[in-house]
Amino acid sequence: MSPADTGASTVVGAAPLVPSTDSRLAPGGPGYRRMSFALFLAGVATFALLYSTQALLPLISGEFGVAASAASWTVAGATGGLALFVLPMSALSERFGRRTVMTGSLAVAVTVGLLVPFAPSLTTLVVLRAVQGAALAGLPASATAYLAEEVRPKALVTAIGLFVAGNSVGGMSGRVITGWVAQEWGWRVAVGVIGVIAVACAVAFRLLLPAPRHFTAGSLRPRVLARTVRDHLADPLLRRLYAIGALFMTVFGGVYTVIGYRLTQAPFSLPQGIIGSIFLVYLVGTVSASTAGRLVGRLGRRGSLYLAGGTTTAGLLLTLVGSLVPVLLGLVLITAGFFAGHAVASSAVSRTATRGRAQAAALYQSAYYIGSSAGSTVGAVAFHAAGWSGTVGVGLLAVLGVVTITVVGSRAARVAARQPVMA
C-alpha cells in the first residue's frame, strides 16, 4: 500500500508526530487554574494566620506591659513551631498524601485561630501561637511537593511563585486588616477577624484543589526518613539553598517585626491603622514572586539571587532616612528583594531534589522559619539596644551571608564544569 493510501509521511526517516504523554498540569490546561487558585488561598491563609500579631505588637506590649522583645515571641513562637514540625508533617504527607495533610493542617490552624483572641495572658497567647505554627507546618512543604509532582517542570517556578504570591497577599491583608480593626476595636477583635477569613480560605482550598494523580505513598519508617534527610543535608547545593532561605527570612522577619514600633515613635508617630496600611507594600512581593520564573530565565538562578540581595540591601539603607517617603520606598525594595529571592531558592530546592521532595522542601521551610524566628527575636533585641539602625545592621549582615553563599556556589559550579567527564 502506498504512503498516500496509508496517510504516512513520504519523507524517508521522518519521525511521526507523537502527542505529549505528560499528564501533569500545565498553564492553560484543565485543572491548572483551580490548582493555582486553591494553593494561592492556602498561601493567603498560612501567612495571614502566621503573622496575624506582627502589626499589633505595640498594642500587645501595651496591654500586657512588656517590651518589644517579649511581645515579639507571639511571632517567633508561631514561626518556631512551624520550623520544628515541618519535617514530621512532610513525612506524614509522604504517607497519607499532600492534599490530606494540607487540609488537616489548615483545619487545626483555623480552629486555634478562633481561640487566640481569648488568650488571658501573654504566656497563653505565645503557647496558642506556637500550636498554630506547628499546625501550619503541614502547608509549605506539602504544597511545594504537590506542585513538583503534579505540575510540568517548565511551569514549576511559575506555579511555586504563585503560591509564594499567596503568602505575600496573606501577609499583607492580615496586617492591613488587623491594623484598621485594632484601631477601632482592639487587637483581640483584629486577630479574630483574621481567623474567620482563614476559615473561608480553608474551605475554598479544599473544594478547589484537584485530587493528586502522581502521588506515590512512601514509608513512615524513621530509618528511611533519617536516611532521606541525611542525603539532602549532604548535598552542597541544597545546603546553600537552605541557608539562603534562612538568611533572607532573617532580614524580612526582623524588619517587619520592629517597623511598627519605629513608626509609632517620633518623628513619625503614626496611628495603628496607618501602620497596618504600610503592609500594602506586600503587593510588590506578590509581583516579584510571581515573575520569578521569568527572572531566572533571563539572569539564571545565581544572577537572580544577586539581584534580590542587592535590592534588599538598597531597601535597608533607605529605611535609615528619618522621613516617611524614603522609609516606604525602602520597605518596597526589601519586600521585592525578599520575595524574589525566596521564590528562586524554594523552586530550586524542588528542582534539585529528585526523591524525598517533601523532606527536601521541609528542610528548606524549617530553615526559612528558623530565620524568621531569629530575625523577629534578634531584630527586636537589636532595636531595644541600638534603635532602628541596630535592626538594619542585623539585616545587612544577613544579606552579606546570602551574597557570600551565592559566590561560593558560583565558584563550585565553575570548578565542577572544569572536571573531566569520566568514561
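Residues numbered from 1 in each chain as written. Predicted model: local features only at pLDDT ≥ 70, side-chain atom pairs only at ≥ 80, totals over all residues. Heavy atoms only, no water.

Caption draft 1: Structural view of the overall build of the chain. Check the secondary structure of the chain and you find 18 helices and 0 strands. Over its C-alpha trace the chain gives a radius of gyration of 23 Å, about what one expects of a compact globule, namely 22 Å for 423 residues. Across its three principal axes, the chain shows a C-alpha extent of roughly 90 × 45 × 45 Å. Across the 423 residues in the chain, those meeting the buried criterion constitute 54%. Expressed as a percentage of contacts within the chain between residues at least 6 apart in sequence, the contacts between residues at least 24 apart total 83%. On the chain, roughly 17,400 Å² of surface is accessible, and the fraction owed to carbon and sulfur atoms is 68%. (Helix = DSSP H or I, 4+ residues; strand = E, 2+ residues; numbered from the N terminus. Rg over C-alpha atoms; globule rule 2.2 N^0.38 Å. Buried < 20%, exposed > 50% of the residue type's maximum accessible area, 1.4 Å probe, protein only. Contact = heavy atoms within 4.5 Å. Areas by Shrake-Rupley, 256 points an atom, 1.4 Å probe, with all protein chains shown as cover.)

Caption draft 2: Structural detail: the packing of aromatic side chains. Here the structure, examined in full by the defined rule, presents 10 aromatic pairs. For the ring pair Phe338 and Phe339, a centre distance of 4.8 Å and an interplane angle of 70° mean the geometry is edge-to-face. Phe338 sits in the buried class, given a relative accessible area of 1%. (Phe/Tyr/Trp six-rings, centres within 6.5 Å; stacked < 30°, edge-to-face > 60°.)

Caption draft 3: Seen up close, the confidence of the model for the chain. Averaged over all residues, the pLDDT of the chain is 84; the fraction at 70 or higher stands at 90%. When pLDDT is averaged over each element of the chain, helix α7 (residues 122-136) comes out on top at 95 and helix α1 (residues 3-6) at the bottom at 41. Below pLDDT 50 for its whole length, residues 1-19 participates in 4 contacts with residues either more than four positions away or in separate chains. (pLDDT = per-residue confidence, 0-100.)

Caption draft 4: Layout of a positive patch on the surface. A cluster of like positive charges, contributed by Arg221, Arg223, Arg227 and Arg230, occupies part of the molecular surface. Mapped onto the elements, Arg223 comes out in helix α11 (residues 222-234). Overall, the relative accessible area of 70% leaves Arg223 in the exposed class. (Patch = residues over 30% accessible without salt bridge, like charges linked within 9 Å, V, L, I, M, F, W, Y side chains within 5 Å. Salt bridge = Lys/Arg side-chain N within 4 Å of Asp/Glu carboxyl O. Lys, Arg positive; Asp, Glu negative; His and termini not counted. Charge placed at Lys NZ, Arg CZ, Asp CG, Glu CD.)

Caption draft 5: Here's a closer look at the pattern of salt bridges. The tally for this structure, following the rule as stated, stands at 2 salt bridges. Here Arg188 makes a salt bridge to Glu63, at a shortest N to O gap of 2.7 Å. Linking Arg188 in helix α10 (residues 187-208) with Glu63 in helix α3 (residues 57-64), this pair joins segments that are 125 residues apart in sequence. Exposure remark for Arg188: the relative accessible area of 23% places this residue in the partly exposed category.

Caption draft 6: Expanded view of the packing of helix α12 (residues 236-264) against helix α15 (residues 292-318). Direction vectors running N to C along α12 and α15 enclose 20°, while the axes themselves pass 12 Å from each other. Classified by the angle between their axes, α12 and α15 sit roughly parallel to one another. The way α12 lies across α15 gives a crossing that is left-handed. Seen from α12, the contacting residues are Leu237, Leu241, Ile244, Phe248, Val251 and Val255; seen from α15, they are Arg301, Leu305, Ala308, Gly309, Thr312 and Leu316. Classifying every residue of the contact of α12 with α15 gives 9 nonpolar, 2 polar and 1 charged. (Axes fitted to C-alpha atoms, helices over the stretch in contact; angles between N-to-C directions. Parallel < 35°, antiparallel > 145°, perpendicular 65-115°, else oblique. Left-handed = near helix turned anticlockwise from the far one by under 90°. Nonpolar A, V, L, I, M, F, W, Y, C, P; charged D, E, K, R; others polar.)

Caption draft 7: Local environment of the nonpolar core. Formed by 120 residues in total, the largest nonpolar core has its most connected members in Leu39, Leu147 and Tyr256. Ranked by residue count, the leading element in this core is α12, at 15 residues. With residues up to four places along the chain from it excluded, the contact list for Tyr256 reads Gln54, Phe279, Val281, Tyr282, Leu331 and Thr335. (Core = buried A, V, L, I, M, F, W, Y, C linked by side-chain atoms within 4.5 Å.)

Caption draft 8: Summary view of the environment of Ala367. Mapping Ala367 onto the fold places it in helix α17 (residues 357-386). In the structure, Ala367 is positioned 281 residues away from Val86 in sequence and 9.9 Å away in space, judged by C-alpha atoms. Contacts of Ala367, omitting those with residues within four sequence positions, involve Tyr242 and Ala246.

Caption draft 9: Broad picture of helix α2 (residues 32-50). Over its 19 residues, α2 runs 27 Å from end to end, which matches the ideal 27 Å to within 8%, given 1.5 Å per residue. With respect to burial, α2 is a largely interior element, 15 of its 19 residues being buried. (Expected span 1.5 Å × (residues − 1).)

Caption draft 10: Looking closely at helix α5 (residues 73-96). An ideal rise of 1.5 Å per residue puts 34 Å on 24 residues; α5 measures up with 32 Å between its terminal C-alpha atoms. The largest bend in α5 amounts to roughly 45° and is located at Val86, with the proline Pro88 lying one to four residues further along. (Bend = angle between axes of the 7 residues up to and from the residue.)

Caption draft 11: Representation of the environment of Gly179 within the structure. Mapped onto the secondary structure, Gly179 falls in helix α9 (residues 156-185). Here the alpha-carbon distance between Gly179 and Gly356, two residues 177 residues apart in the chain, equals 40 Å. The contacts of Gly179, once residues within four sequence positions are left out, are Leu56, Gln272, Gly273 and Gly276.

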